[in-house]
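# Structural description and commentary
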Amino acid sequence: GQQVQQSPASLVLQEGENAELQCNFSTSLNSMQWFYQRPGGSLVSLFYNPSGTKHSGRLTSTTVIKERRSSLHISSSQTTDSGTYLCALERGGNKLTFGIGTRVLVRP
Amino acid sequence: GPKVLQIPSHQIIDMGQMVTLNCDPVSNHLYFYWYKQILGQQMEFLVNFYNGKVMEKSKLFKDQFSVERPDGSYFTLKIQPTALEDSAVYFCASSHGTGDSGNTLYFGEGSRLIVV
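Note that the structure is a prediction, hence the values are computed from the model and not measured.

Counting residues in each nonpolar core, the largest one holds 22 residues, and the members touching the most others are Trp 34, Leu 46, Val 67, Phe 75, Leu 77 and Tyr 90 of chain B. Listing elements by their share of this core, those giving two or more residues are β3 (19-24), β4 (31-37), β5 (44-50), β7 (65-68), β8 (75-79), β9 (88-95) and β11 (111-115) of chain B. In contact with Val 67 of chain B, not counting residues within four places along its chain, are Trp 34, Val 47, Phe 49, Val 54, Phe 61, Phe 75, Thr 76 and Leu 77 of chain B. Core analysis: the second largest hydrophobic core is formed by 19 residues, Leu 13, Leu 29, Tyr 36 and Leu 59 of chain A among them.

Before going further, it helps to spend a moment on the sheet that holds β7 of chain B. Residues and elements named next belong to chain B. The sheet built from four strands is open, its strands ordered β1-β3-β8-β7 with antiparallel pairing. Every interior strand has two partners, whereas the edge strands, β1 (5-7) and β7, have only one. Taken over all neighbouring pairs, the strand axes of this sheet differ in orientation by 15° on average, direction set aside. The pairing of β1 with β3 spans three bridges and is antiparallel. In the sheet register, Leu 5 faces β3, and the bridge partner there is Asp 24.

Let's shift gears to a nonpolar patch on the surface. Residues and elements named next belong to chain B. Residues Ile 12, Ile 114 and Val 116 make up a contiguous nonpolar surface patch of roughly 280 Å² in combined accessible area. Topologically, Val 116 is positioned in the segment after β11. The exposure class of Val 116 is partly exposed, given its relative accessible area of 49%.

Residue and element names in this part refer to chain A. Inspection of every chain in the model, using the stated rule, returns two disulfides over all chains. With a sulfur-sulfur separation of 1.9 Å, Cys 23 is cross-linked through a disulfide to Cys 87. Where Cys 23 bonds to Cys 87 through sulfur, the torsion about that S-S bond is close to 75°, and the disulfide is right-handed. You can see Cys 23 sitting in strand β3 (residues 19-25) and its partner Cys 87 sitting in strand β9 (residues 83-90), a full 64 residues away along the chain.

Attention now goes to the pairing of strand β1 (residues 4-7) of chain A. Residue and element names in this part refer to chain A. Only one face of β1 is covered, namely the face carrying Val 4 and Gln 6; the face carrying Gln 5 and Ser 7 is uncovered. Inspection of the sheet shows β1 paired to β3 by four bridges, in the antiparallel sense. Pairing of Val 4 across the sheet is with Phe 25, part of β3.

About the thresholds
- Residues numbered from 1 in each chain as written.
- Chains lettered and ligands numbered in written order.
- Predicted model: local features only at pLDDT ≥ 70, side-chain atom pairs only at ≥ 80, totals over all residues.
- Heavy atoms only, no water.
- Core = buried A, V, L, I, M, F, W, Y, C linked by side-chain atoms within 4.5 Å.
- Buried < 20%, exposed > 50% of the residue type's maximum accessible area, 1.4 Å probe, protein only.
- Helix = DSSP H or I, 4+ residues; strand = E, 2+ residues; numbered from the N terminus.
- Contact = heavy atoms within 4.5 Å.
- Pairing = 2+ DSSP bridges.
- Axes fitted to C-alpha atoms, helices over the stretch in contact; angles between N-to-C directions.
- Patch = residues over 30% accessible without salt bridge, like charges linked within 9 Å, V, L, I, M, F, W, Y side chains within 5 Å.
- Areas by Shrake-Rupley, 256 points an atom, 1.4 Å probe, with all protein chains shown as cover.
- Salt bridge = Lys/Arg side-chain N within 4 Å of Asp/Glu carboxyl O.
- Disulfide = S-S within 2.5 Å.

Here it is, written out as structure tokens:
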């Protein structure tokens, strides 16, 4: 089965709303990385987060290894946050296994 | 932030022809990767490369695929011959590879390959 499962599959927000994206993994890992994939396809690294909580602007990532989950919180969403959010687990050798992503649409 | 450049951004090629995708990784990075994403599907690992050698490759990295980085220039992915199922976006990535955040991968914008 899939090693990395993301939920929800898609999300529609009104600008200003908060959102929580989940990533669950079925295997042990060395680290977890979150990416933002623009509608055109390019990837932006958001967080390298093997454990604990990290903040970057309006984004917060929390990884709990023993529960095999990681979350990405978006606060005060903006229309420019629209796109796909990918989580990826790294088990060794910097080889990433990606989830299918959560598509986020923020309406003005 | 650090930039990985990929050339070409798009290419349409006849089945059976050869294609070379070029990647200019972040300047002080030591580890290089190729990933493949078919439209609507998840990103999948193809290969990683360090110190002039392939370290690991997935089952998607067919015999028709090869990678190299001659003399520290572009890191290339060559497909010869191409097949229809090779149509996808190919993403190059690099990492410094040491330390905590040194394992962070930085991705290029992708090369969209269409095999007809």
